[in-house]
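This is what each chain is made of:
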Amino acid sequence: MDTGHPTHTARVALVGDRSPHVPAHRQGPPMLAALLDTDGLAVEPYWVGTEEVDAGELAGFDGIWLVPGSPYRSEAGAVTAARTARERGVPFLGTCGGFQHAMLEFARHACGIGGAAHAEQQPGAEELVIVPLSCSLYRQEGGIRLSPGSAAHRLLGAERATARYNCGYTLAPGYLRVLHAHGMRFTGHDADGEVRVAELPGHPFYLATLFQPELTPEHEGPHPFVRAFARAAVRSARGDLG
């Protein structure tokens, strides 16, 4: 544990429509704040509503966390946040709805699927990249398995873990191949082989999870994915990202 005084404070954008009724909104910021005591990581979060997203302004942050809470007031804002982080090398964490919209962004702008749609907003669209889960994961827990050698596996230090969900949508299996062909790596799956974690090798830090690491109980300490995201944001604040 780093008990010294931090020399750099990371400015992190929490992109989402803040609500006291969303558990992740209540628990995410305190988890970031706890990292100052546990790891010596100073992170200053700023809420950015999806209707307020500006790519130029977001690019000035040291990290972007696309938080749960969909349907977002602005799908375009959520997609822009994911695209800004991906294209400009800003450390990125997307959880639950953040995972879904990160995959939607990648399908549209990296894979050229211009009609890629989310079933929550456009249930009748022809190219539904994000679809309802066959079994709802609202307030559910489940086991996941991480691919050996992946960033997710390295951060968790184990091939298996327990994930906490509050989710009803996921990536349509029929689009896995094309997203993979354009560089997205799917490195976490549930017991049925359904995708739960995605990452982009070569990006300073890009991790998206269908589950919500911010729902980790306080007594367990900050989730390793949140800790790694914060550490990348602090490196960005220092100008140390490779």
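Described in the following lines is the structure provided in the data block.

What counts as what
Residue positions are counted from 1 within each chain, in the order its sequence is given. With pLDDT at 70 or above as the cut-off, local features in this predicted model cover only qualifying residues; side-chain atom pairs require 80 or more to be listed or tallied, and sums for whole chains, interfaces and linings still use all residues. Hydrogens are left out, water is left out, and the side-chain values use all remaining heavy atoms of the structure. Each helix corresponds to a stretch of at least 4 residues labelled H or I by DSSP, and each strand to a stretch of at least 2 residues labelled E; elements are numbered beginning at the N terminus. Atoms counted for the radius of gyration: C-alpha only. Globule rule: 2.2 Å times residue count to the power 0.38. Throughout this description, buried means an accessible area under 20% of the type-specific maximum (1.4 Å probe, protein chains only), exposed means over 50%, and partly exposed covers the range between. The contact criterion used throughout is that any non-hydrogen atoms of two residues lie within 4.5 Å. Shrake-Rupley sampling with a 1.4 Å probe provides the accessible areas, and residues are treated as covered by the protein chains on show and by no other component. A residue counts as positive if it is Lys or Arg and as negative if it is Asp or Glu; His and the chain ends are not included. By convention, charge coordinates are those of NZ in Lys, CZ in Arg, CG in Asp, or CD in Glu. When a carboxyl oxygen of Asp or Glu lies within 4 Å of a side-chain nitrogen of Lys or Arg, that pair is called a salt bridge. For two strands to count as paired, DSSP must find a minimum of two bridges between them. Take the number of residues in a helix, subtract one, and multiply by 1.5 Å to get its expected span. Note on method: axes are straight lines fitted to C-alpha atoms, helices fitted across the in-contact stretch only, with angles between N-to-C directions ranging 0 to 180 degrees. Geometric relationships in this document are graded by angle, where less than 35 degrees denotes roughly parallel, more than 145 denotes roughly antiparallel, 65 to 115 denotes roughly perpendicular, and other angles denote oblique. Here the nonpolar group is Ala, Val, Leu, Ile, Met, Phe, Trp, Tyr, Cys and Pro; Asp, Glu, Lys and Arg are the charged ones; every other residue, Gly included, is treated as polar. By convention, a stacked pair of Phe, Tyr or Trp rings (six-membered ring in the case of Trp) has centres within 6.5 Å and planes under 30 degrees apart, an edge-to-face pair has planes over 60 apart, and any other such pair is tilted. In this analysis the charged atom, NZ for Lys or CZ for Arg, is taken to sit over a ring once it is within 6 Å of the ring centre and within 35 degrees of the ring normal. We define the nonpolar core as a collection of buried residues of types Ala, Val, Leu, Ile, Met, Phe, Trp, Tyr and Cys that are connected through side-chain atoms lying within 4.5 Å of one another.

Overview of the overall build of the protein
Thought 1: Regarding its fold elements, the protein presents seven helices and ten strands.
Thought 2: In summary, the protein has a C-alpha radius of gyration of 17 Å against a globular reference of 18 Å for 242 residues, a match within 12%.
Thought 3: Along the three orthogonal principal directions, the C-alpha set of the protein runs to about 55 × 40 × 35 Å.
Thought 4: Every one of the 242 residues in the protein was classed for burial, and the buried ones make up 52%.
Thought 5: Long-range contacts, defined here as pairs at least 24 residues apart, represent 70% of the contacts in the protein between residues at least 6 apart.
Thought 6: In the form shown here, the protein has an accessible surface area of approximately 10700 Å², with 47% of it arising from carbon and sulfur atoms.
Thought 7: Side chains of the protein give 20 positive and 26 negative charges; the mean places of these two sets differ by 4 Å.

Description of the pattern of salt bridges
Thought 1: A complete count under the given rule lists eleven salt bridges for this structure.
Thought 2: Between arginine 83 and glutamate 87 there is a salt bridge, with the nearest N and O atoms lying 3.0 Å from each other. In this pair, arginine 83 and glutamate 87 are both assigned in helix H3 (residues 75-88), four residues apart and thus about one turn of the helix distant.
Thought 3: Residue class for glutamate 87 comes out partly exposed when judged on its relative accessible area of 47%.
Thought 4: We note a salt bridge from arginine 196 to aspartate 190, for which the minimum N-O separation is 3.0 Å.

Things to note about the pairing of strand S6 (residues 128-146)
Thought 1: Pairing analysis gives two bridges linking strand S5 (residues 117-118) to S6, with the strands arranged parallel. Opposite alanine 117, over in S6, you have leucine 128 as the bridge partner.
Thought 2: As judged from the ten bridges shared by S6 and strand S7 (residues 160-171), these two strands associate in the antiparallel manner. When the bridges of S7 are listed, valine 131 appears paired with threonine 170.

Here's the deal with helix H1 (residues 23-39)
Thought 1: For H1, spanning 17 residues, the distance from its first C-alpha to its last is 24 Å, which sits close to the expected 24 Å at 1.5 Å a residue.
Thought 2: For H1, every residue scored as buried is listed here: Ala24, His25, Gly28, Pro29, Met31, Leu32, Leu35 and Asp39.
Thought 3: Buried residues along H1 sit against strand S1 (9-15), strand S2 (42-48), strand S3 (63-66) and helix H7 (224-238).
Thought 4: Directly beyond the C-terminal end of H1, a positive phi value near 70° is found at glycine 40.

Some points on the packing of H1 against H7
Thought 1: One can describe the packing of H1 onto H7 by two numbers: an axis separation of 10 Å at closest approach and a directional angle of 80°. It follows that H1 is roughly perpendicular to H7 by the angle criterion. Residues Met31, Leu32, Leu35, Thr38 and Asp39 of H1 touch H7, and the partners they reach there are Val226, Arg227, Ala230 and Arg231.
Thought 2: Residue composition of the contact of H1 with H7, by class: five nonpolar, one polar and three charged.

Focus on helix H4 (residues 97-109)
Thought 1: Counted at 1.5 Å a residue, the expected span for H4 with its 13 residues is 18 Å, and the 18 Å between its end C-alpha atoms agrees.
Thought 2: Burial within H4 is extensive, with twelve of its 13 residues counted as buried.
Thought 3: Considered for burial, the residues of H4 that qualify are Gly97, Gly98, Phe99, Gln100, His101, Ala102, Met103, Leu104, Glu105, Phe106, Ala107 and Arg108.

Regarding the packing of aromatic side chains
Thought 1: Overall, the coordinates contain six aromatic pairs when judged by the stated rule.
Thought 2: Between tryptophan 65 and phenylalanine 229 the ring centres are 6.1 Å apart and the planes differ by 70°, which places this aromatic pair in the edge-to-face class. Residue tryptophan 65 is located in strand S3, and its partner phenylalanine 229 is located in helix H7; the two are separated by 164 residues in the primary sequence.
Thought 3: Using a relative accessible area of 1% as the deciding quantity, one classes tryptophan 65 as buried.
Thought 4: Residue phenylalanine 229 is classed as buried on the basis of its relative accessible area of 0%.
Thought 5: Relative to phenylalanine 225, the ring of phenylalanine 211 has its centre 6.1 Å away and its plane inclined at 35°; by these criteria the two rings are tilted. Of this pair, phenylalanine 211 sits in the loop between strand S10 (206-209) and H7 while phenylalanine 225 sits in helix H7, and the two are 14 residues apart along the sequence. Across this residue pair, the class does not change: phenylalanine 211 and phenylalanine 225 are buried.
Thought 6: Linked through ring pairs, Trp65, Phe205 and Phe229 together constitute an aromatic cluster.
Thought 7: Positioned above the aromatic ring of phenylalanine 61 is the side chain of arginine 11, whose terminal nitrogen or guanidinium carbon lies 4.4 Å from the ring centre.

Quick notes on the nonpolar core
Thought 1: Grouped together as the largest cluster of nonpolar side chains are 76 residues, with contacts concentrated most on Val15, Met103, Leu179 and Met184.
Thought 2: Those residues in contact with valine 15 that sit more than four places away from it in its chain are Val48, Thr50, Val53, Leu58, Ile64, Trp65, Leu66, Val67 and Ala81.

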